[in-house]
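In case you want the letters, here they are:
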Amino acid sequence: MAGLLQALVGASEKAAHIARLCRREEPLFQLLVAEKTGADRNRRFLQDFKTLADVLIQEVIKHDLGKEPGVLAGETVAVRVCSTPGDTAALLLSVLEPERAAAELLAAAVHRDVALGDAELAGVALSIPPQDLAVWIDPIDSTNEYIGGREDVAPIEGIAPAGLCSALVLIGAYDRRTGCPVLGVINEPFFRRDPLTHRWQGRYHWGVAYGDPRLCSLSPPPPRPTPCVVLSRAEGLAVRGALGPLCGDRLRFAAGAGYKMLCVILGLADAYVLSEGSTFAWDACAPHAILRALGGGTVALAAALQARRGGDTGPPPELVYNRPAEEGAGGERWANRGGLVAYVHPQHLESVLAAL
């Protein structure tokens, strides 16, 4: 089981490298720019480059995790990882023709070996049967920010309102029977630029929430007496108005569900509140597992408020990841309907629910 956790981290590192490669190497970057230009984009691609990047990263993760027995990682897609770099390059060239250099660069990245050199990770000992788990992958969370590539967005008390830094790789494993998230990896491909090479450097975080003890690459952040809450800029005025008195001037706004949950994990915010069902299982599973490892969680907002109105003072219902909605179709069946609240410290969750 410890090998699976290392495989999740290793797959996230390979995915982050591919995400950086697509922005760094000129042939690939030109394809990225071509997709940004709207009506002028190159129509020869199957759909668009954004979709290709997402699908390729997802297939790389599925391929690497497929070496671990019993792990299910999603549906089959047209782009796949072949047995050799040459075969993968040929397959990618069928999509990217005539950009042979771009296809070969991506194929080399797909087949590179990742050496983690993480002593703490290597020392983790777990006893979770891999066949009891399934995996949600978000290859590039906050894809629009990834495509836009803005680097000039100044953070406010550590939280970036938008920009490339909010593009993350998210891999979360959950218990098939209960739907509870148990392993999570968040990779930040664009954490900072190397001062000498000026190339992007990344970092990753992981957490295990399966029985005791709970393990994490991070320590729980200290609670603030007045909570800072991070929201989407699309959040409604009613929620903003309800949380304003609780937070004072500490309402913050950011892009990407994964990034906002990461802000809570890192202690940059005390809670992330979303009142709409605009996130999905693949957005929340990985950060939710890390939050649980830190002593927090992610609750289903509408169900939690309904329980409080009914006088229920017990623990609010957490999101689960094994129950698609009966109505809807495709990915919409996996939406986190009714919104969510992500938190580390229970007192902040209670204050947010009371305010709402």
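About the cut-offs
- Residues numbered from 1 in each chain as written.
- Predicted model: local features only at pLDDT ≥ 70, side-chain atom pairs only at ≥ 80, totals over all residues.
- Heavy atoms only, no water.
- 1 Å grid on protein atoms, 1.4 Å probe; cavity = no way out; pocket = protein on both sides within 12 Å on 5 of 7 lines; lining within 4 Å.
- Points joined across faces, edges and corners; volume = space filled by probe spheres on them.
- Nonpolar A, V, L, I, M, F, W, Y, C, P; charged D, E, K, R; others polar.
- Buried < 20%, exposed > 50% of the residue type's maximum accessible area, 1.4 Å probe, protein only.
- Helix = DSSP H or I, 4+ residues; strand = E, 2+ residues; numbered from the N terminus.
- Arc of directions from axis to C-beta.
- Contact = heavy atoms within 4.5 Å.
- Pairing = 2+ DSSP bridges.
- Axes fitted to C-alpha atoms, helices over the stretch in contact; angles between N-to-C directions.

Colleague: Please clarify how the layout of surface pockets should be interpreted in this entry.
Modeller: Over the atoms, a rolled probe matching the size of one water molecule traces out where space is still vacant. Taken as a whole, the second largest pocket encloses approximately 350 Å³ of empty space. Looking at the second largest pocket, it is lined by 15 residues, and the ones nearest its centre are Val 320, Arg 323, Ala 335, Asn 336 and Arg 337. Taken together, the residues of the lining of the second largest pocket sort by class into 11 nonpolar, 1 polar and 3 charged.

Colleague: Teacher, can you tell me more about helix 8 (residues 237-247) here?
Modeller: Residues lying three or four places apart along an α-helix face the same way, a consequence of the helix completing one turn every 3.6 residues. Every buried residue belonging to helix 8 is among Val 239, Leu 243 and Cys 247, and all of these are buried. The buried residues of helix 8 all sit within an arc of 50° when viewed along its axis, so they share a single face. In helix 8, those exposed residues whose orientation departs by more than 90 degrees from the buried face are Leu 237, Ala 238 and Pro 245. Check the buried side of helix 8 and you find it contacts strand 6 (229-231), strand 7 (251-253), strand 8 (271-274) and helix 12 (346-355).

Colleague: For this particular structure, what's the right way to read the pairing of strand 8?
Modeller: Consecutive residues of a regular strand have side chains that alternate between opposite faces of the sheet. Of the two faces of strand 8, both are covered, the one formed by Ala 271 and Val 273 as well as the one formed by Tyr 272 and Leu 274. Sheet analysis places strand 6 next to strand 8, joined by 2 bridges and oriented parallel. Within the sheet, the bridge partner assigned to Val 230 lies in strand 8 and is Tyr 272. With 4 bridges connecting them, strand 8 and strand 10 (residues 340-343) associate as antiparallel partners. Paired with Ala 271 across the bridge in strand 10 is Tyr 343.

Colleague: How should I be thinking about the sheet that holds strand 10 in this particular structure?
Modeller: Hydrogen bonds between backbone atoms are what pair the strands of a sheet, whose relative direction is either parallel or antiparallel. Taking strand neighbours across the sheet as the criterion, the 5 strands line up as 7-6-8-10-9 in an open arrangement whose pairing is mixed. The outermost strands of the open sheet, each flanked by one partner alone, are strand 7 and strand 9 (297-300). Pairwise comparison of adjacent strand axes, ignoring direction, gives a mean angle of 25° for this sheet. Contacts from helix 8 reach strand 6, strand 7 and strand 8 within the one sheet, and its direction differs from that of strand 7 by about 130°. Across the sheet, helix 12 lies against strand 6, strand 8, strand 9 and strand 10, angled at about 150° from strand 10, the strand it touches most.

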